Amino acid sequence: MEYVFIKDTEGFVLKKLKSEVCADEEIISEKEYMQTSGLAFYEKKFGHGGARENAGRKQKFGSPLEFQIRVTREEKDFISYARKNNLNYSALMKN
């Protein structure tokens, strides 16, 4: 199945199978086909498409997000004390 570009008697261009070409149709080059059909202008003006900007996979960061909580100096000291001494906050809240 080999396709060729043809120009008919009225000047229209199209792509057909080589076996379907009629006697009154003229075989033309691909460049002439692109110029006559307007596809060359369209491709030049609008481009070939392609991927959108920033459309690829998103970056995976090496470290997860760091959460920041604004606390007073006293609260920060209490949290560090509780971590050092393995203080069970749930048990304290039940009392």
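Structure first, text after, so check above.
All values reported here derive from a predicted model rather than from experimental measurement. (Residues numbered from 1 in each chain as written. Predicted model: local features only at pLDDT ≥ 70, side-chain atom pairs only at ≥ 80, totals over all residues. Heavy atoms only, no water.)

(A) Seen up close, unusual backbone geometry. The phi dihedral of Asn86 falls on the positive side, at around 50°, and the residue is not glycine. Looking at the element boundaries, Asn86 is found in the loop between α3 (73-84) and α4 (89-94). (Helix = DSSP H or I, 4+ residues; strand = E, 2+ residues; numbered from the N terminus.)

(B) How the structure looks around the side chain of Lys16. Looking at where Lys16 falls in the secondary structure, it is placed in strand β2 (residues 13-17). Within polar-contact distance, the side chain of Lys16 engages the side chain of Glu25 at 3.0 Å. Each residue touching Lys16, except ones within four places of it in the same chain, is listed here: Glu2, Tyr3, Val4, Ile6, Cys22 and Glu25. (Polar contact = N/O pair within 3.5 Å; in protein donor to acceptor, adjacent residues only side chain to side chain. Contact = heavy atoms within 4.5 Å.)

(C) Up close: the packing of aromatic side chains. Under the criterion given, the structure shown has one aromatic pair. Its end group placed over the ring of Tyr3, Lys15 keeps NZ or CZ at 5.3 Å from the ring centre. (Phe/Tyr/Trp six-rings, centres within 6.5 Å; stacked < 30°, edge-to-face > 60°. Lys NZ or Arg CZ within 6 Å of the ring centre and 35° of its normal.)

(D) Quick look at the pairing of strand β1 (residues 3-7). When β1 meets β2, the two strands line up antiparallel, connected through five bridges. By the bridge assignment for β2, Lys7 is matched with Val13. With three bridges connecting them, β1 and strand β3 (residues 26-28) associate as antiparallel partners. Bridging across to β3, Phe5 finds its partner in Ile28. (Pairing = 2+ DSSP bridges.)

(E) Spotlight on α3. In a regular helix each residue adds 1.5 Å, so 12 residues correspond to 16 Å; α3 covers 17 Å between its end C-alpha atoms and thus fits that length. Remark: Asn86 follows α3 within two positions and exhibits a positive phi of approximately 50°. (Expected span 1.5 Å × (residues − 1).)

(F) Looking closely at the sheet that holds β3. The strand order across the open sheet formed by three strands is β2-β1-β3, and the pairing between neighbours is antiparallel. Because the sheet does not close on itself, it has two edges, and the strands there are β2 and β3. Adjacent strand axes in the sheet meet at a mean angle of 50°, parallel and antiparallel pairs treated alike. Strands β1, β2 and β3 of the sheet are contacted by helix α1 (residues 30-37), whose axis makes an angle of about 135° with β2. (Axes fitted to C-alpha atoms, helices over the stretch in contact; angles between N-to-C directions.)

(G) The arrangement of the packing of α1 against helix α2 (residues 39-46) in detail. Packing of α1 against α2 brings their axes to within 5 Å, and their N-to-C directions diverge by 75°. As judged from the angle between their axes, α1 and α2 are roughly perpendicular. When α1 is examined against α2, the residues Tyr33, Met34, Gln35 and Ser37 are found in contact with a partner set consisting of Leu39, Ala40 and Glu43. (Parallel < 35°, antiparallel > 145°, perpendicular 65-115°, else oblique.)

(H) Seen up close, the environment of Glu20. Structurally, Glu20 is set in the loop between β2 and β3. Taking the C-alpha atoms as reference, Glu20 lies 9.5 Å from Tyr3; in sequence the two are 17 residues apart.

Read these as layout, nothing more, since geometry by itself doesn't imply function.
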